[in-house]
Amino acid sequence: MKIEKYRLESHNESLIKEHTRRFNFIANDVPNVETILQKLNYFQVAIPSWALGTGGTRFARFAGGGEPRNLEEKIEDIGLLHALNKSSGAISLHIPWDIPENASHIKTLAAQNDLKFDAMNSNTFQDQPGQKLSYKFGSMQHVNKDIRKQAIEHNIQVIKYGVDLGSQSLTVWLSDGSCFPGQLNFRKAFQNTLESLQEVYAALPNDWKMFVEYKAYEPNFYSTTVGDWGQSLLYANKLGEKAYTLVDLGHHLPNANIEQIVSLLLMEGKLGGFHFNDSKYGDDDLTVGSIKPYQLFLIFNELVEGIEIEKNTPLGAGAFGWMIDASHNVKDPLEDLLQSVEAIMITYTQALLVDRKKLVDAQNNNDVVTAQEILQQSFRTDVRALVAEARLRSGGALNPLSIYRGEKVRDRLIKERGSKIIATGL
Ligand SMILES: [Mn+2]
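Figured I'd write up the structure that's included with this text.

Criteria and thresholds
- The numbers attached to residues start from 1 for each chain and follow its sequence in the written order.
- Since the coordinates come from a predicted model, pLDDT governs what is reported: local features require at least 70, and pairs of side-chain atoms require 80 or more to be given and counted, while whole-chain, interface and lining totals use all residues.
- Secondary structure follows DSSP: runs of H or I at least 4 residues long count as helices, runs of E at least 2 residues long count as strands, and numbering of each begins at the N terminus.
- Just to be clear, the radius of gyration here is over C-alpha atoms, and the globule rule we use is 2.2 Å times residues to the power 0.38.
- Remark: C-beta atoms are placed from the backbone, and a residue is labelled buried if 20 or more other C-beta atoms sit within 10 Å of its own, exposed if 12 or fewer do, or partly exposed between those counts.
- Note on contacts: each residue gets a C-beta atom placed from the backbone, and two residues are in contact if those atoms are within 7 Å.
- Angular values range over 0 to 180 degrees, each being the angle between N-to-C directions of two axes fitted as lines to C-alpha atoms, with helices fitted over their stretch in contact.
- Take the far helix as the reference: if the near one is turned anticlockwise from it by less than a right angle, the crossing is left-handed, and if turned clockwise, right-handed.
- The arc under discussion is defined with respect to the helix axis, by the directions toward the C-beta atoms.
- Just so you know how the angles are binned, under 35 degrees is roughly parallel, over 145 roughly antiparallel, 65 to 115 roughly perpendicular, and the rest oblique.
- Any residue outside Ala, Val, Leu, Ile, Met, Phe, Trp, Tyr, Cys, Pro, Asp, Glu, Lys and Arg is labelled polar, Gly included; the first ten of those are nonpolar and the last four are charged.
- To define a nonpolar core, we join buried Ala, Val, Leu, Ile, Met, Phe, Trp, Tyr and Cys residues through C-beta atoms within 7 Å and take the resulting set.
- Between any two strands, pairing holds if DSSP finds at least two bridges.
- A clockwise course of the path from the first strand over the helix to the second, judged with the strands pointing away from the viewer, identifies a crossover as right-handed.

### Things to note about the overall build of the chain
Then, number 1: In terms of regular secondary structure, the chain is built from 15 helices and 11 strands.
Then, number 2: Computed over its C-alpha atoms, the radius of gyration of the chain comes to 22 Å, within 12% of the 22 Å expected for a compact globule of 426 residues.
Then, number 3: Principal-axis analysis of the C-alpha atoms places the extent of the chain at approximately 65 × 60 × 40 Å.
Then, number 4: Buried positions account for 47% of the 426 residues belonging to the chain.
Then, number 5: Put simply, 79% of the contacts in the chain that link residues at least 6 apart link residues at least 24 apart.

Structure (C-alpha cells):
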C-alpha cells in the first residue's frame, strides 16, 4: 500500500508551524546547518528483507498480522518506510528466504519504490528443505569436503542473484563453531573456513565486496570460527582487498569497546559495513538506540572522524554497507524500523556536531574534562528538528511514526494481506 501524496502533505502542514519554531531554534545554534542537512539527505540505511515480519524467539513467535507474503510485498513495505523517512532507500536480501525468481521484475519494482539493492546475505546456518547435506556441524569449517563445497556453491549462487539485481556486496555470516571443548580443532576449522571463503572470493565480480561478519557466540556456545573482529580481520586480510570486516552491534562479548574496534578497522581500511541494533545482554536485536544511545553516538563519532574527516567522504557516499539488523516479537516491525532509522539519523547528526578542532586541542593538552564535555555537548543536543527538516526537504513526513499510525497502515495491511500471514525469516 501507499500513503497518498496529499495525505502526506496535510500531515506536514499540520505540524509545520511547531516544526519551524523548533528548527529555527536549533539552526541558530549550529554552524553549517545546510551542509548537515545535505549529508543527512545522502545517508541511506538498508532494510533487510527479513525485518518486515514479526521476529521469533526460541520459544514462540506471535505474528502481528498483515505481514508481507512475498518479496514484492516486502519491497512495498520498505518503499512505504522510505516514502515516509527518505532514509531507508535500500533493501538487503537474504537467500534463500527471498529468492528473486524474476530479477528484472524485482529490479523494476525496487526502482519504482526508489530502492537500491544493498548487500546480499547468504545462509548456511540452516538446512533448507531438500538440501542434500546438513550444516548441523558447520558449513565452511566442516570436516567433510562435500559439505564445505555445498556451502561455497550456495554463496556463489547468492552472488549470481545479486549481480542480476545490481547489488555489489556479499555478507557472509557463519554460525560455524563448536558447543563443547574438543569438538573441533580450532586451526583446522579456521583453515577450512579460509579456504572456503577463498573460493567464494574468487567468484566475486571485480566491483564487488565481501563482508565477513563476526559473532562472539550463539548458536555455538563454546567457540565460533569467526568469533570476533580480530578473526574477521585475519580472514579479510588473507582474502584480499575486496574483503572487509562487518560489525554487528550485537555480536560482541558484553561491554566490548565497539567504537575502538570501529576506529581501528577504519584505520586499516577494513571496515566494510554495519549491522545496527541494540542490546542489553547479548545479541538481543533490539531497536537501535533503545538501550545504549551514548554508545551509538561514540560509534558514529568514530565513523564521522574516520570517514568524513580523514577521507573527506560523506558516510552516505556508498562506500559502506549500512543496515538495520534487528528483530522483534512485541512490536509492529514497520514501526520499529521507523524508530531504528530515526535513531540512526539523530545519532549521525549529533556526531556531525562534534567540535573536532577543540577535541584535538583538548586531547593534545590532556584536558580530559574538556574532551568529555565536547562529546557530551553534542550528544545532549536535541537535533530532532534537523533530522525532520532534512526529511521534509526530501519530500518525507515530518513525523513518520505519527502519520503511520494516523493512516492506520497496519490495519490496512491486515485487511489487504490477512491476519495469519507469516513472512519468511527467522
Ligand atoms: Mn548481523
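### Here's the deal with the environment of D382
Then, number 1: Following the sequence through the fold, D382 ends up in the loop between helix 12 (368-379) and helix 13 (384-393).
Then, number 2: Between the C-alpha atom of D382 and that of F300, which follows or precedes it by 82 residues, the distance is 16 Å.

### Comments concerning the packing of helix 5 (residues 145-165) against helix 6 (residues 186-202)
Then, number 1: Close contact between helix 5 and helix 6 brings their axes to 9 Å; oriented N to C, the two are set at 35°. Crossing geometry of helix 5 relative to helix 6 is assigned as right-handed. For the pair helix 5 and helix 6, contact is made by R148, A151, I152, N155 and I156 and by N192, S196, E199 and V200, respectively.

### Details of helix 8 (residues 258-267)
Then, number 1: If you check which residues of helix 8 are buried, you get I258, I261, V262 and L265. Taken around the axis of helix 8, the buried residues stretch over an arc of 100°, which confines them to a single face.
Then, number 2: Phi turns positive one or two residues past the end of helix 8, at G269, with a value near 65°.

### Description of helix 13
Given 3.6 residues to a turn, an α-helix orients residues that are three or four positions apart in the same direction.
Then, number 1: Of all the 10 residues making up helix 13, 8 are buried; the element is thus mostly covered by neighbouring parts of the structure.
Then, number 2: Taken as a whole, helix 13 has its buried residues at A385, L386, V387, A388, E389, A390, R391 and L392.
Then, number 3: G395, located one to two residues past helix 13, shows a positive phi value of around 95°.

### A closer look at unusual backbone geometry
Then, number 1: The amide bond that connects I95 to the next residue, P96, takes the cis arrangement and shows omega of 20°.
Then, number 2: The residue after E218, namely P219, is reached through a cis peptide bond having omega 10°.
Then, number 3: Within the secondary structure, P219 sits in the loop between strand 7 (209-213) and strand 8 (223-224).
Then, number 4: One non-glycine residue, D114, adopts positive backbone phi at about 65°.
Then, number 5: Along the chain, D114 turns up in the loop between helix 4 (103-112) and strand 3 (116-117).
Then, number 6: Look at D114 and you get partly exposed, because 15 C-beta atoms sit within 10 Å.

### Some points on the packing of helix 6 against helix 7 (residues 229-239)
Then, number 1: Following both chains from N to C, one finds helix 6 and helix 7 inclined at 50°, their axes separated by 10 Å at the closest point. One finds that helix 6 runs oblique with respect to helix 7. Note that helix 6 runs across helix 7; the crossing there is right-handed. Taken together, the residues of helix 7 that come into contact with helix 6 (itself represented by L194, L197, Q198 and Y201) are Y235, K238 and L239.
Then, number 2: Of the residues in the contact of helix 6 with helix 7, the class split is 5 nonpolar, 1 polar and 1 charged.

### Concerning the nonpolar core
Then, number 1: Membership of the largest hydrophobic core comes to 111 residues, with the highest contact counts inside it found for I91, M210, V212 and I324.
Then, number 2: No other element matches the 11 residues that helix 10 (residues 333-352) contributes to this core.

### Description of the environment of L338
Then, number 1: Here L338 shows up in helix 10.
Then, number 2: Linking L338 and L84, residues 254 residues apart in sequence, is a C-alpha distance of 8.7 Å.
Then, number 3: Excluding its chain neighbours within four sequence positions, the residues that come into contact with L338 are L81, L84, N85, P400, L401 and Y404.

### Focus: the environment of F274
Then, number 1: Considering the arrangement of structural elements, one finds F274 in strand 10 (residues 271-276).
Then, number 2: F274 sits 273 residues away from M1 along the chain, and the two C-alpha atoms are 29 Å apart.
Then, number 3: Residues in contact with F274, not counting those within four places in the same chain, are V247, W322 and M323.

### What about the pairing of strand 11 (residues 321-324)?
Then, number 1: Burial along strand 11 is two-sided: G321 and M323 facing one way and W322 and I324 facing the other are all buried.
Then, number 2: As paired elements, strand 10 and strand 11 share 4 bridges and run parallel to each other. Bridge pairing in strand 11 places F274 opposite W322.
Then, number 3: In this fold, strand 10 hands off to helix 9 (residues 293-309), which returns the chain to strand 11; that crossover is right-handed.

### Brief notes about the pairing of strand 7
Then, number 1: Burial of strand 7 is extensive: 5 of the 5 residues sit out of reach of the surface.
Then, number 2: Burial along strand 7 is two-sided: the face carrying K209, F211 and E213 and the face carrying M210 and V212 are both buried.
Then, number 3: Judged from the 5 bridges that link them, strand 5 (residues 169-173) and strand 7 form a sheet pairing that is parallel. By the bridge assignment, V172 is partnered in strand 7 with V212.
Then, number 4: Relative to strand 9 (residues 243-248), strand 7 runs parallel, the two being bridged by 4 bridges. In the strand pairing of strand 9, E213 is matched with L246.

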